[in-house]
Structure formats: C-alpha cells, structure tokens
Amino acid sequence: MKQLLERLKESLYSVLPITAIVLVLSISLAPLDSGVMVVFVMGSILLIGGMSLFALGAGMSMQPLGEGIGIQLNKSKKVWLSLLCCFALGLLITVAEPDLTVLAEQIPSVPNMVLILSVGVGVGIFLVISMLRTLKGWALNYLLIGFYLLTAVAACFAPADFLPVGFDSGGVTTGPITVPFIMALGAGMASIRGDKHAGEDSFGLIALCSVGPILSVLLLSIFYDPQPASEVPVLVEAATTLDAFKLFSHSLPHYAEEVLIAFAPMVGVFVIFQMVFRRYTLHQLLRICLGLLYTYVGLVCFLTGANVGFMPAGQLLGSSLADGGTKYWLLPVGAVIGFFTVAAEPAVHVLKKQVAEVSNGRISQKSISLGLSIGVSISVCLSMARIVWGFPIQYFLIPGYILSLAISFFVPHIYTGIAFDSGGVASGPMTTTFILPFALGACRMLGGNIMTDAFGIVAMVAMTPLITIQLIGLFSEIRHKLHLKHTAGRAVDDEDDVILYYEDMGGAQYE
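Residues numbered from 1 in each chain as written. Predicted model: local features only at pLDDT ≥ 70, side-chain atom pairs only at ≥ 80, totals over all residues. Heavy atoms only, no water.

Trainee: Give me the overall build of the protein: which residues, what numbers.
Mentor: Along the backbone of the protein there are 20 helices and zero strands. Out of the 511 residues in the protein, the part that is buried amounts to 56%. The long-range share in the protein, meaning contacts at least 24 apart out of those at least 6 apart in sequence, stands at 87%. (Helix = DSSP H or I, 4+ residues; strand = E, 2+ residues; numbered from the N terminus. Buried < 20%, exposed > 50% of the residue type's maximum accessible area, 1.4 Å probe, protein only. Contact = heavy atoms within 4.5 Å.)

Here it is in structure tokens:
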C-alpha cells in the first residue's frame with residue numbers, strides 16, 4: 001500500500017500539469033465543447049490510476065522476469081541457443097506492443113500484420129546484436145553510427161511520403177510493455193559480467209532495438225509502395241456525464257482484450273522459463289503473478305484513458321489553434337505540451353529508476369526528467385514549425401543524429417546508453433494518443449500533407465532527448481573535473497599551511 005501511494009503521488013505530479021494546460025487552453029486560445037472536456041477529465045482520472053498500478057506492477061513482475069532471463073541467457077554455454085531466444089523474445093514482445101497496432105492502422109496499403117511482423121523481425125535481429133554487444137563489450141556509439149548510415153542508405157530508396165512513418169516506427173516500438181522487459185533483460189545480461197563497464201553496457205538495448213524497426217519498415221516501403229494514410233477521425237463526443245461514462249465502459253472491454261492479447265506471449269515465456277530453469281521460489285512466483293495482474297489492470301486503464309479521453313482533446317486543440325490567426329501559437333503551446341507530456345509516459349519512470357540504481361545515485365532521476373522534458377519540448381516545437389511552414393523532416397533528423405553521435409565521443413559511455421534509450425522511452429503511448437493527434441488536427445486544419453508534415457513527430461520526440469541527456473552528462477563531467485581540480489588545489493594549500501605552522505612552532509619538538 002505504501003508503494004502504491006508513492007506511485008499514485010508520482011502519477012498525480014505527472015498528469016495534473018498537462019491536464020491543467022488543456023483546461024487553460026480550453027477557456028482561452030482553443031475553446032472545446034463541454035462534452036470533450038468531460039471525457040478528457042475522466043480520461044485523466046483513468047491515466048492517474050493506470051500509471052500507478054502499472055509502475056507498481058512492472059517493478060514486481062516484468063523487471064525481475066527480464067533480469068532472470070538475461071542472467072540465464074548469459075550463463076548458457078550454447079551461444080546460438082541464447083541468440084535464438086533473444087530473437088524470439090524481441091519478436092513476441094514487439095508484436096504485443098499496443099502502440100504498434102495504432103501505427104499499423106494508419107498505413108492502408110500495407111496489411112497490418114505484415115507491418116507488425118516486419119517491425120518485430122527488426123527488433124528481434126537487433127536484440128540479438130544487443131546481446132552480442134553486451135557479451136563482447138562493443139562500443140555503442142560505433143554500432144549506432146554504422147546502423148544509422150545503413151538507415152540513411154535505405155531512406156534514399158524509400159518513398160518520400162513514407163519516410164516520416166518509417167522513422168516513427170522506431171519510436172512506437174519501444175512502448176510500455178517492451179521497455180521494462182528489455183531494460184531488465186539488458187541489466188540481467190550485463191550483471192553476470194561483473195567488470196566495471198557492466199553497468200554502462202546494461203543501457204543501449206532500447207537504442208539498438210529502435211533502429212531495427214526503422215530499417216525493416218523502410219525496406220518494406222520500397223516493395224509495398226504505400227499510399228497516403230487516411231485521416232484519424234475524432235472519437236465520439238459525450239453530451240452528458242452519463243454518455244461519457246458509457247463511452248468509457250464500452251471502450252474498456254476492447255482495450256482489455258487488446259492488452260490481454262499483448263500479455264499472452266509474455267506470460268507464455270514466463271511459464272516456459274520457470275518450467276525449464278526453476279529459477280523462482282513460490283514466494284517470488286506469487287509476487288510476479290500479482291505484479292503481472294497490477295501491470296495488466298494498470299495498462300488497460302491507462303490506454304483506455306489515453307485513447308478515449310486524450311485523443312479527441314488533442315485533435316480538437318490542434319485544429320482550434322491552427323484555425324484563423326492563431327496558428328503561430330502552435331509553436332509555444334506545442335513546446336509547453338511536450339515539456340509536461342513526457343512526464344506522463346509510464347516507461348519513463350522505469351528508466352529513471354534503473355538509471356538511479358545502476359549509477360548508485362550519481363545520475364539523479366531529476367536530471368533525467370529535466371533532460372527528457374527539455375528534449376521533447378524542443379522536438380514538439382520543431383514539429384509544429386514543420387506543420388506551419390512545411391519543412392521536410394530530413395532537415396531536422398539528419399543534423400540531430402549527427403550532433404548526438406558527435407557528442408557521444410565526449411561523454412561517459414553510460415550517458416550515451418541512457419540518452420539513446422531515453423529517446424525510445426519518451427515516444428510512448430502519450431505521444432501517439434495526444435501529441436500525434438494534436439499534430440494531425442493542426443495539419444488537417446492548415447491543409448497540409450498528413451504523411452509528410454504530421455507524421456514524423458514521434459521520430460522527432462525520439463531524437464531530441466539524445467542530445468539533451470548527453471549534454472547534461474557532458475556538463476556533469478566538466479563540473480566533476482573542475483570540482484576535483486579545486487579540491488586538489490585546496491588540499492595542496494592546506495598542506496603548505498600545516499608545514500608553515502609546524503616550522504613556526506619549533507619543528508620536531510611539537511611533532
């Protein structure tokens with residue numbers, strides 16, 4: 001109960017700011033119908049409760065399960081079997097990710113399952129590469145440079161209208177189900193090494209697993225030649241509070257079924273793993289099962305609140321701000337929304353907790369939160385500029401990734417791993433159900449091309465934290481070196497004072 005109350009407090013701090021922003025906008029720049037506001041407020045309540053249960057459940061179940069599998073895979077003497085298991089895990093967990101289904105439904109010319117499986121194969125292959133990196137101790141920045149160059153080559157042959165969606169796929173893949181499990185898997189694989197770089201190498205799995213979907217979807221687009229996506233319809237509004245309650249009660253079973261299907265592969269992996277290795281005691285099994293239940297209920301509540309409550313509000317806010325002479329307000333409003341929305345992402349809390357544990361508190365959760373918020377704020381602001389003036393996404397992504405990779409050579413490796421992981425974590429369900437609809441509504445009102453102007457915002461959200469988190473690491477390293485230099489100088493001064501005092505007092509007789 002104490003842990004649940006702590007998670008509830010975290011969720012309140014995360015969701016209330018964005019709720020307050022929408023309420024202020026609804027009575028100032030972008031008036032909304034009362035029915036939309038009622039649904040939005042009910043969605044906020046579900047978000048707060050869902051995030052609390054999800055955070056509690058993920059710590060009890062998904063993290064120990066991922067760590068246990070990671071440790072066991074590293075102990076296996078049959079490397080090929082461990083690599084095959086990594087591929088299967090990556091494929092199964094990705095297929096289960098709800099955010100990926102939302103993206104797939106926007107691509108009419110590619111069958112949903114074809115797109116989902118291609119993304120799953122990409123994640124599976126790069127999870128294998130991640131395991132090899134952890135075992136061999138390969139440098140993350142060199143691997144990322146090589147794979148981003150491959151991505152750039154694939155982008156040259158992909159249809160221009162499909163390019164933003166291809167980069168978006170890398171962000172939506174790392175959602176609330178994938179992130180806790182993969183991060184714990186990395187921690188488990190690295191922990192058995194026991195060397196001083198093991199903690200650093202536990203990060204970076206999310207980063208590499210975000211590159212695989214981009215490559216696979218770009219390759220898929222070359223063969224399928226997708227057409228422009230259909231517009232996302234605004235969900236049904238509620239005239240009364242009773243209508244709003246009915247809307248949520250009718251939607252809840254749909255998301256309960258969706259999350260149940262998503263959880264089935266993970267539960268299956270857990271059962272098979274326990275039957276084969278007998279790793280967990282009865283008490284641990286009960287705790288993991290209870291944690292899975294909390295995670296399931298929390299994710300159902302969260303997705304219902306986000307999709308039913310936040311999606312229509314986001315679309316209508318974007319449309320209202322883009323209408324008339326207020327379209328330039330999209331930039332500052334988008335920056336404020338991005339700053340506070342990332343705090344409501346469920347997987348962000350998982351990342352911050354693991355960072356604090358691995359670094360023994362040297363990297364604070366507060367600094368990670370600030371870096372993510374600043375990064376997402378900048379990315380949403382730039383995305384609104386793309387919608388208003390029609391800038392191609394390449395103008396932002398190419399310089400952004402070049403800068404982030406360049407910084408990686410000047411910061412400690414642990415910051416590089418955290419930064420590139422945080423990019424995938426930041427672009428979660430809140431991005432796809434609130435920020436993306438906000439962009440779609442604005443783009444539709446301004447008459448822009450949805451495929452080239454609105455899509456790509458998830459990729460932007462995943463890119464800017466790579467720079468901000470590493471800059472925080474760079475400044476922290478500079479400050480630490482200056483502190484050591486100052487401390488060393490002060491120690492020398494103190495030693496000189498002692499020697500002078502010793503000589504003045506008569507030397508040896510006072511020794």
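Trainee: Can you lay out the state of the cysteines for me, pointing to particular residues and giving the numbers?
Mentor: All chains considered together, the criterion is met by zero disulfides. The thiol sulfur of Cys209 is not disulfide-bonded, and the nearest other cysteine sulfur, from Cys86, lies at 8.9 Å. (Disulfide = S-S within 2.5 Å.)

Trainee: Describe the confidence of the model for the protein, listing the residues and the values that go with them.
Mentor: In the predicted model, the protein carries a mean pLDDT of 83, and the fraction of residues at 70 or more is 89%. Per-residue pLDDT, averaged within each element of the protein, yields its smallest value for helix H9 (residues 198-201) (64) and its largest for helix H13 (residues 330-341) (93). (pLDDT = per-residue confidence, 0-100.)

Trainee: Tell me about the packing of H13 against helix H15 (residues 365-389), and please be specific about residues and values.
Mentor: Packing of H13 against H15 leaves a shortest axis separation of 7 Å and a crossing angle of 150°. Here H15 runs roughly antiparallel to H13, going by the angle between their axes. Remark: the crossing between H13 and H15 carries right-handed chirality. Of the residues in H15, those touching H13 at Leu330, Leu331, Gly334, Ala335, Gly338 and Phe339 are Ser373, Ile374, Val376, Ser377, Val380, Cys381, Met384, Ala385, Val388 and Trp389. Each residue belonging to the contact of H13 with H15 can be placed in one class, and the counts come to twelve nonpolar, four polar and no charged. (Axes fitted to C-alpha atoms, helices over the stretch in contact; angles between N-to-C directions. Parallel < 35°, antiparallel > 145°, perpendicular 65-115°, else oblique. Left-handed = near helix turned anticlockwise from the far one by under 90°. Nonpolar A, V, L, I, M, F, W, Y, C, P; charged D, E, K, R; others polar.)

Trainee: Go over the nonpolar core with me, naming the residues and quoting the values.
Mentor: Counting residues in each nonpolar core, the largest one holds 153 residues, and the members touching the most others are Ile69, Ile337 and Phe434. Per-element accounting of this core gives the leading share, 15 residues, to helix H12 (residues 282-322). With near-sequence residues (within four places) excluded, Ile337 lies in contact with Ile18, Ile21, Leu25, Phe434, Ile435 and Phe438. (Core = buried A, V, L, I, M, F, W, Y, C linked by side-chain atoms within 4.5 Å.)

Trainee: Can you tell me about the environment of Thr304, naming the residues and giving the values?
Mentor: Position of Thr304 among the secondary structure elements: in helix H12. A relative accessible area of 0% places Thr304 in the buried class. Considering only alpha carbons, one finds Thr304 and Ala256, 48 residues apart in sequence, at a separation of 8.7 Å. Beyond its immediate chain neighbours, meaning those up to four positions away, Thr304 contacts Leu46, Phe248, Ser251, Leu252, Tyr255 and Gly309. Within the local environment of Thr304, its side chain forms a polar contact with the backbone oxygen of Val300, the two atoms lying 2.7 Å apart. (Polar contact = N/O pair within 3.5 Å; in protein donor to acceptor, adjacent residues only side chain to side chain.)

Trainee: Residues and numbers for a nonpolar patch on the surface, please.
Mentor: Together, Val153, Phe157, Leu219, Ile222, Phe223 and Tyr224 give the surface a local cluster of nonpolar side chains, amounting to about 650 Å² of exposed area. When contributions to the nonpolar patch are tallied by element, the ones reaching two or more residues are helix H6 (140-157) and helix H10 (205-224). The dominant element in the nonpolar patch, judged by the number of residues it contributes, is H10, at four residues. Among the secondary structure elements, Val153 is positioned in helix H6. (Patch = residues over 30% accessible without salt bridge, like charges linked within 9 Å, V, L, I, M, F, W, Y side chains within 5 Å. Areas by Shrake-Rupley, 256 points an atom, 1.4 Å probe, with all protein chains shown as cover. Salt bridge = Lys/Arg side-chain N within 4 Å of Asp/Glu carboxyl O.)

Trainee: Before we move on, can you summarise the packing of aromatic side chains with the specific residues and values?
Mentor: Tallying each qualifying case throughout the model produces 13 aromatic pairs. Measuring from centroid to centroid gives 4.8 Å for Phe126 and Phe147, while their planes differ by 65°, and the two rings are edge-to-face. Of the two residues, Phe126 is situated in helix H5 (residues 112-136) and Phe147 in helix H6; the sequence distance between them amounts to 21 residues. Each of the two residues, Phe126 as well as Phe147, counts as buried. An aromatic cluster is built from Phe270, Phe273, Phe277 and Tyr280, whose rings are joined through pairwise contacts. (Phe/Tyr/Trp six-rings, centres within 6.5 Å; stacked < 30°, edge-to-face > 60°.)

Trainee: Describe unusual backbone geometry, with residues and values.
Mentor: The backbone phi angle of Arg278 is positive, close to 50°, even though this residue is not glycine. Topologically, Arg278 is positioned in the loop between helix H11 (241-277) and H12.

Trainee: Which residues make up the pattern of salt bridges, and what values go with them?
Mentor: For the structure shown, the criterion picks out one salt bridge. For Arg7, the salt bridge is made with Glu6, and the minimal N-O distance between the two is 3.8 Å. Taking relative accessible area as the criterion, Arg7 reaches 15% and is therefore assigned buried.

Trainee: A description of the packing of helix H3 (residues 79-95) against H5 should follow, citing residues and the corresponding values.
Mentor: Orientation of H3 relative to H5, taken along the N-to-C sense of each, is 140°, at an axis distance of 7 Å. Like other packed secondary-structure pairs, H3 and H5 cross with a definite hand, here right-handed. Facing H3, whose interface residues are Ser82, Leu83, Cys86, Phe87, Leu89, Gly90, Leu91, Thr94 and Val95, H5 presents Ile116, Leu117, Val119, Gly120, Val121, Val123, Gly124, Ile125, Leu127, Val128, Met131 and Leu132. Each residue belonging to the contact of H3 with H5 can be placed in one class, and the counts come to 16 nonpolar, five polar and no charged.

Trainee: Give a description of the environment of Leu286 that names residues and reports values.
Mentor: Mapping Leu286 onto the fold places it in helix H12. Residue Leu286 is classed as exposed on the basis of its relative accessible area, which comes to 56%. The sequence separation of Leu286 and Ser61 amounts to 225 residues, and the corresponding C-alpha distance is 9.7 Å.

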